[in-house]
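# Tertiary structure, described
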Amino acid sequence: MTFRQRQDESICEKQLQDIATSFANALKSHPLQFILPIMIRHEKPHRTFIHPCSLLFAIVFPLVIPQLGLCQNKYTEHSVRASELDSRVKAYPEIEFLIDKEGKPADMGHACVRKDVPSQDRLVIWMMGYSPELFHFLADEGFHVVRVHYANGWFGRFGKEPPPEDRYALGKIRLEAATGEDFSPLVAIEKPDGMQERVRQLILWLTSKDPSGKWNSYLDSNQEVRWDRVIMSGASHGATTSARFALHQRVDRVVMFCGPRDQYESWQALDSATPKERFFGFSHVLDTGWSGDHYCRSWELLGLNAFGPIVNVEETSPPYGNSRRLISNADVGGDDKRAHSCVTPGKASVRDSKGNYAYLPVWKYLFKQPLEAVGSPTPADPDCSKDLRPKSKEPQK
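Residues numbered from 1 in each chain as written. Predicted model: local features only at pLDDT ≥ 70, side-chain atom pairs only at ≥ 80, totals over all residues. Heavy atoms only, no water.

## What about the pattern of salt bridges?
Considering all chains together, one arrives at 19 salt bridges under this definition. One salt bridge connects arginine 88 with glutamate 197, and the closest N-O pair in it is separated by 3.1 Å. Of this pair, arginine 88 sits in the loop between helix H3 (82-85) and strand S5 (100-101) while glutamate 197 sits in helix H7 (residues 195-209), and the two are 109 residues apart along the sequence. Judged by its relative accessible area of 5%, glutamate 197 falls in the buried class. The network of salt bridges with shared partners includes Asp86, Arg88, Glu197 and Arg200. (Salt bridge = Lys/Arg side-chain N within 4 Å of Asp/Glu carboxyl O. Helix = DSSP H or I, 4+ residues; strand = E, 2+ residues; numbered from the N terminus. Buried < 20%, exposed > 50% of the residue type's maximum accessible area, 1.4 Å probe, protein only.)

In structure tokens form, the structure reads like this:
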């Protein structure tokens, strides 16, 4: 297990040393260099004294630096392996769900919080790879955020074309990966390796390791996760599994970046434990999932057109008509791969002329928009194809 905090403290110490060195170098070129905080040799041999100004410097310097905001670690971050928290954790090589891969840990969990900002009293579970930029954005907004390693490598085996005849097949695998319960005949993932239990084990560990982080607010009296305080979120595959899980388990909110996919499936239209107005989606129009009608189809099957039209965030200001369906046509150089990943905080994300994240207002809306504020219902989009399954070829006569 590692602590980002320790790394930041080392960086802080080095920064302070650099500041002190720069200060000293500046004073050396100044006529009053005698105020440097060093032992100054007296005229008489073998006698030294400390100049009073040096004492003043020694007292004031440590007090001034914090006020300048230098070297203050805003984020408390933790990383730990699932196999360290729970001895029941195991590998599933047949679906590329591993504990170690190429000699490196593959079961890392991550957590982040800021203790110096007002808390939203919500836990975001991020269903994709660890993203420092996204974690820091969410922490800045007052959220607790965690990410655990869960089964997603199965897609390379079962997600290929042609699609399964069962229009719920992938959704069943996703639900088993999320819960560790038996929903699919294609995989056999046990409870300790489901996302739910791994999140619970991580929060239990965080509660003990970092009590001032108030992680215990996401556990009930039975030490189970308080899903009513959880926001499920992910990108692409993670957005899809987040949505499938939220249909099964009521959560506070679902934020879906570039998703959901599963364009040949019908599970998106199932009854939902989470009210549909709590689902939010965001995509770039050059993303092949958007141009291929994957996302617009899923959004309509989820019933999101009942809460407003599709809104372009470049053409409308927050709160975007209180819609749950947002798109962007920002310049990504015509790169569909960048379009897929640009909608989340990170290197690929779109920035304004000052270098700031252009989508910052969008992200704040997706995670913090009051749930009771909804847009007006709109009819289904006739240009969004709902049946994307390959047409079976007629036998040649």
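Let us keep going from here.
## Things to note about the nonpolar core
Judged by nonpolar contacts, the single largest core of 88 residues is most densely connected at Ile125, Met195, Phe257, Phe282, Leu366 and Phe367. In contact with leucine 366, not counting residues within four places along its chain, are Arg253, Val255, Phe257, Phe280, Gly281, Phe282 and Leu326. (Core = buried A, V, L, I, M, F, W, Y, C linked by side-chain atoms within 4.5 Å. Contact = heavy atoms within 4.5 Å.)

## Observations concerning the packing of aromatic side chains
For the structure on display, the rule yields 15 aromatic pairs. Where tryptophan 290 meets tryptophan 299, the ring centres are 5.4 Å apart and the plane angle is 50 degrees; that geometry is what we call tilted. By relative accessible area, tryptophan 290 is classed as buried at 14%. Arranged with centres 5.1 Å apart and planes meeting at 70 degrees, the rings of tyrosine 357 and tryptophan 363 form a pair that is edge-to-face. Taking the relative accessible area as the measure of exposure, tyrosine 357 reaches 21% and is therefore partly exposed. A connected cluster of aromatic rings, assembled from ring pairs, spans Trp126, Phe137, Phe143, Phe257, Phe282, Tyr357, Tyr359, Trp363 and Phe367. Of note, arginine 114 hangs over the ring of tyrosine 75, and the distance from its end group to the ring centre comes to 5.8 Å. Residue placement shows arginine 351 over the ring face of tyrosine 357; its charged tip is 4.2 Å from the ring centre. (Phe/Tyr/Trp six-rings, centres within 6.5 Å; stacked < 30°, edge-to-face > 60°. Lys NZ or Arg CZ within 6 Å of the ring centre and 35° of its normal.)

## Considerations on the state of the cysteines
What the rule picks out here adds up to one disulfide. The thiol sulfur of cysteine 342 is not disulfide-bonded, and the nearest other cysteine sulfur, from cysteine 258, lies at 8.6 Å. (Disulfide = S-S within 2.5 Å.)

## Focus on the pairing of strand S4 (residues 75-81)
A large share of S4 lies buried, amounting to seven of its seven residues. Residues Tyr75, Glu77, Ser79 and Arg81 line one face of S4 and the alternating positions Thr76, His78 and Val80 line the opposite face, and both faces are buried. Examined bridge by bridge, S4 and strand S7 (residues 108-114) share seven bridges and lie antiparallel to one another. Considered in S7, the bridge of glutamate 77 is made with cysteine 112. (Pairing = 2+ DSSP bridges.)

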